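# Per-entry structural report
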Amino acid sequence: MNSERKEFTFFWFIENYSYCWHKNGEALISPNFSADGLEGTAWNLHLYPRGARDEDKGHTSLMLNRSESDEGPDSATIKLKMSALAAKGPPRSFVEQYAFKRGGRTWMSQVLKNG
């Protein structure tokens, strides 16, 4: 395995976000994406406009998911930075190193306060 650090950026722009009808626990799901150097893994983002869980109500939640059926190794450790940018205020971000098994996920709950 190549120990050289590689960086990848995935941008997901959502038009007319303020018109999202999704309820708490309902997600917008990004297209699947992958990148050379991520060992055949496939990913997508889940954005919960009204929060992923009951305790997240009134906030937006963001989740990174690894595909259950990609061609990568059983476990893939990546260092990730997830950020959300609202129309007002500074971006919210977190950085974490996480070992994703197939179908694994990590999330930022209460990323942005709604309203």
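Residues numbered from 1 in each chain as written. Predicted model: local features only at pLDDT ≥ 70, side-chain atom pairs only at ≥ 80, totals over all residues. Heavy atoms only, no water.

In the annotation of an unreviewed UniProt entry, the entry for the protein chain reads MATH domain-containing protein, and the organism field reads Araneus ventricosus.

## Examining the packing of aromatic side chains
This is how the line gets drawn: Centre distance within 6.5 Å is the pairing criterion for rings of Phe, Tyr and Trp, where only the six-membered ring of Trp is used; planes under 30 degrees apart are then read as stacked, over 60 as edge-to-face, and the remainder as tilted. Only protein chains enter the accessibility calculation, which uses a 1.4 Å probe. A residue is then buried if its area is under 20% of the maximum for its type, exposed if over 50%, and partly exposed in between.
One pass over the full model with this rule turns up 4 aromatic pairs. Measuring from ring centre to ring centre gives 4.6 Å for tyrosine 98 and phenylalanine 100, while their planes differ by 70°; the resulting arrangement is edge-to-face. Assessed through its relative accessible area of 29%, tyrosine 98 is described here as partly exposed. With relative accessibility at 0%, the residue phenylalanine 100 sits in the buried group. An aromatic cluster of at least three residues, connected via ring pairs, comprises Trp43, Tyr98 and Phe100.

## Section: the sheet that holds strand S6 (residues 105–113)
The test is simple: In this analysis, strands are considered paired if DSSP registers two or more bridges between them. The way it works is that DSSP assigns letters per residue, a run of H or I at least four long becomes a helix, a run of E at least two long becomes a strand, and they are numbered from the N terminus.
The strand order S1-S2-S3-S6 describes an open sheet built from 4 strands, whose pairing is antiparallel. Single-partner strands in this sheet number two, and they are strand S1 (28–29) and S6.

## Observations regarding the confidence of the model for the protein chain
Condition: The predictor attaches a confidence to each residue, called pLDDT, with possible values from 0 through 100.
Here the protein chain averages 85 in pLDDT, and 97% of its residues register 70 or above. Highest mean pLDDT in the protein chain belongs to S1 (94); lowest belongs to S6 (77).

## A short note on the nonpolar core
In globular proteins that are soluble, nonpolar side chains generally tend to be buried together. Quick reminder of the rule: Side-chain atoms within 4.5 Å are what join buried Ala, Val, Leu, Ile, Met, Phe, Trp, Tyr and Cys residues into a set we call a nonpolar core. Any pair of residues with heavy atoms lying within 4.5 Å of one another is described as a contacting pair.
Membership of the largest hydrophobic core comes to 17 residues, with the highest contact counts inside it found for Leu62, Leu64, Leu80 and Met82. Elements supplying a minimum of two residues to this core: strand S2 (43–48), strand S3 (59–66), strand S4 (75–84), strand S5 (92–101) and S6. When residues of this core are assigned to their parent elements, the largest contribution, 4 residues, is made by S4. What methionine 82 contacts, discounting residues up to four positions off in sequence, is Leu45, Leu62, Met63, Leu64, Arg92, Ser93, Phe94, Thr106, Trp107 and Met108.

## Focus on the side chain of aspartate 56
Position of aspartate 56 among the secondary structure elements: in the loop between S2 and S3. On the accessibility criterion, aspartate 56 (0% relative accessible area) is buried. For aspartate 56, the residues in contact, after removing those within four places along its chain, are Asn24, Arg50, Gly51, Ser61, Ser109 and Gln110.

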